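Analysis of the macromolecular model
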Amino acid sequence: MQARIKSTSLLAALMTLAPAISQALDSAPAAAASSSLPLIPLSTPATAKLPTTELLPVSKVVAKPAVSEDAFKETDVWGRIRTGYAIPDINNELVHKHVTWYSTRPDYIARTTQRASRYLFHVVTELEKRNMPTELALLPFIESAFNPQALSSANAAGMWQFVPGTGKDYNLKQDAFKDERRGILASTDAALSYLQRLYDMFGDWQLALAAYNWGEGNVQKAIKRNQAAGKPTDFESLAELMPAETRNYVPKLQAVKNIVANPAQFSLHLPVIDNQPYFTAVDKTSDIDLAIAAQLAEMSVDDFKALNPQFNRPVITGGEQTQILLPKANAEKFNLNLAQWGRALSSWTTHKITSARERIETLASKFHTTPEVIRQANNIPSKSVLKAGSTILVPKTSSSLHMDIAPEVADNAVVAFEADRGTGKRNSNYKQAKGGTVKDAPVSLVKARVSRDAAGKKKTKQN
């Protein structure tokens, strides 16, 4: 599935003094920094709401691998992955086809592995903690090319490509302010829980992978069909009943697995990924503009969003349970710069549309900004009007300067709109599948305010 990353720009310093936020810092060092501090793996446990599904009897159960002590002696994460390979190999024409495809595209491999270098230590650590095969860490290579902003035509989002319904089953929040299908910690925890459940259902990792791609119900039907015909029910025996994408899914993973096992054999080079955490978590207890958070951490907005892709808007909301991920060195800079900041951390609040008569132009005037700023902050297309019941971001006023957005407001916020002059309805919660009506790309960062002079010039130009 093709992936996209939208570039953004830093926000200028804002307004007056606001309460400082406190944060707790895990003591795990990042790959970019050397430290003698102990390593503390990160995890975000989630209790999944599992849909009721018929369980089929299985004839063979493959034992799950134990974590090898040698895995922790590796200096390179690739070595840990190779040590934990445990899914039986397949060797067919489709595997050879995909090995050829990947091995003849070194630029693609380089881009993908560079993105993967931020996340692989965490994913491999979580797999080892669960005694799961470590080649599953390569699955995002197939799903999203390790791009957490990836969005498929079927509305599957994030590094692990969760569709909205399955994301909800595994408690991944999806609202106007946050989409945890993209979040590194939450989505990885959910994906591994889902894969483990599928393995427990089928007793076969190849069938579990097929079900991850095709759905467990479809795999169950294929098994029953082959059983009725007296045929085997392993992956390759069921492949002819699968759609092309699923039929190629496990061979693609096998191809990447082969390349990682011996990249030199295919004239490829994998970048060294140090066997230590790339990021650590910082707890935030107050709203903070995403661009200010990046500025305090002395990171580009693009790099900040690569570790925190779940935040959909230019402000990060939420209480003590909300975390941002930063490389260790940048987390230390964040703390130091935050202590000296002395200005407002957030420039945004919310406004609920109570009447269809509230037009964006009127709101822009009320909050001393421009229609373009409101549209961009809320992903509202041009030539559209807001529907009653929508909750949108607007610049703070003096009365809301020291107030955070309430968690219940953020959790339940919906931005709904329709084409102006009644030319069609649109809804902006999420980008729809092909044939849908809305393009909700990752939010661009915008300034909450513009000067009155700038707003006046803009208005004159429009007239």
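Residues numbered from 1 in each chain as written. Predicted model: local features only at pLDDT ≥ 70, side-chain atom pairs only at ≥ 80, totals over all residues. Heavy atoms only, no water.

A look at the overall build of the protein
- In terms of regular secondary structure, the protein is built from 18 helices and nine strands.
- The 463 residues of the protein split such that 53% are buried.
- Counting only contacts in the protein whose residues sit at least 6 apart along the sequence, the fraction spanning at least 24 positions is 74%.
- On the protein, roughly 20800 Å² of surface is accessible, and the fraction owed to carbon and sulfur atoms is 51%. (Helix = DSSP H or I, 4+ residues; strand = E, 2+ residues; numbered from the N terminus. Buried < 20%, exposed > 50% of the residue type's maximum accessible area, 1.4 Å probe, protein only. Contact = heavy atoms within 4.5 Å. Areas by Shrake-Rupley, 256 points an atom, 1.4 Å probe, with all protein chains shown as cover.)

As for helix α11 (residues 244-261)
- Here α11 spans 26 Å end to end across 18 residues, near enough to the 26 Å set by a 1.5 Å rise per residue.
- The largest bend in α11 comes to about 25°, at V250, with the proline P251 one to four residues further on.
- Along its buried surface, α11 packs onto α1 (77-83), α2 (93-103), α5 (139-143), α8 (205-214) and α10 (235-238). (Expected span 1.5 Å × (residues − 1). Bend = angle between axes of the 7 residues up to and from the residue.)

Remarks on the pattern of salt bridges
- Following the criterion strictly, the structure yields 15 salt bridges and no others.
- Among the charged side chains, a salt-bridge network with shared partners connects D89, E135 and K257. (Salt bridge = Lys/Arg side-chain N within 4 Å of Asp/Glu carboxyl O.)

Some words on the packing of aromatic side chains
- Scanning the model with the defined rule gives eight aromatic pairs in all.
- Where W101 meets Y102, the ring centres are 5.2 Å apart and the plane angle is 90°; that geometry is what we call edge-to-face.
- Residue classification places Y102 among the buried residues on the basis of a relative accessible area of 5%.
- Relative to W205, the ring of Y199 lies with its centre 4.4 Å away and its plane at 15°, an arrangement referred to as stacked. Of the two residues examined, Y199 and W205, each falls in the buried class.
- Through successive ring pairs, a cluster of aromatic residues spans W101, Y102, Y108 and F141.
- The lysine or arginine in question, K257, covers the ring of Y85, its NZ or CZ lying 5.0 Å from the ring centre. (Phe/Tyr/Trp six-rings, centres within 6.5 Å; stacked < 30°, edge-to-face > 60°. Lys NZ or Arg CZ within 6 Å of the ring centre and 35° of its normal.)

Some thoughts on the environment of I81
- Among the structural elements, I81 can be located in helix α1.
- For I81, a relative accessible area of 0% corresponds to the buried category.
- Sequence separation of I81 and E135 is 54 residues, and the distance between their C-alpha atoms is 6.1 Å.
- Among residues more than four places away in sequence, those in contact with I81 are L120, V124, T134, E135, A137 and L138.

Points about the nonpolar core
- Within the largest apolar cluster, 90 residues are counted, with the highest numbers of intra-cluster contacts made by W160, Y212 and F334.
- The biggest single contributor to this core is helix α7 (residues 184-202), with 12 residues.
- Ranked by size, the runner-up nonpolar core spans 23 residues in total, among them L386, V394, A413 and A448. (Core = buried A, V, L, I, M, F, W, Y, C linked by side-chain atoms within 4.5 Å.)

Quick look at α7
- Between its terminal C-alpha atoms α7 stretches 27 Å, which fits the 27 Å expected from 19 residues at 1.5 Å a residue.
- Among the 19 residues that make up α7, 18 are buried, leaving the element largely enclosed by the rest of the structure.
- Just beyond α7, the residue with positive phi is G203, at close to 65°.

A look at the environment of A448
- Locating A448 in the fold gives a position in the loop between β9 (425-427) and α18 (452-462).
- Apart from residues no more than four positions distant in its own chain, A448 is found in contact with S347, W348, T369, V373 and P395.

Some remarks on the confidence of the model for the protein
- Chain-level statistics for the protein give a pLDDT mean of 82 and a share of 75% at 70 or above.
- Overall, residues 1-68 carries pLDDT values under 50, and its contacts beyond four positions in sequence, including any with other chains, amount to 191 contacts.
- Segment residues 423-442: pLDDT under 50, and 52 contacts once partners within four positions in sequence are set aside and those in other chains are kept. (pLDDT = per-residue confidence, 0-100.)

Some thoughts on unusual backbone geometry
- Phi is positive for Q161, close to 55°, though the residue is something other than glycine.
- You can see Q161 is positioned in the loop between α5 and α6 (164-169).
- A residue is classified by how much of its surface remains accessible, and Q161, at 8% relative accessible area, is buried.
- Positive phi values are uncommon outside glycine, yet N171 reaches one of about 60°.
- Here N171 shows up in the loop between α6 and α7.

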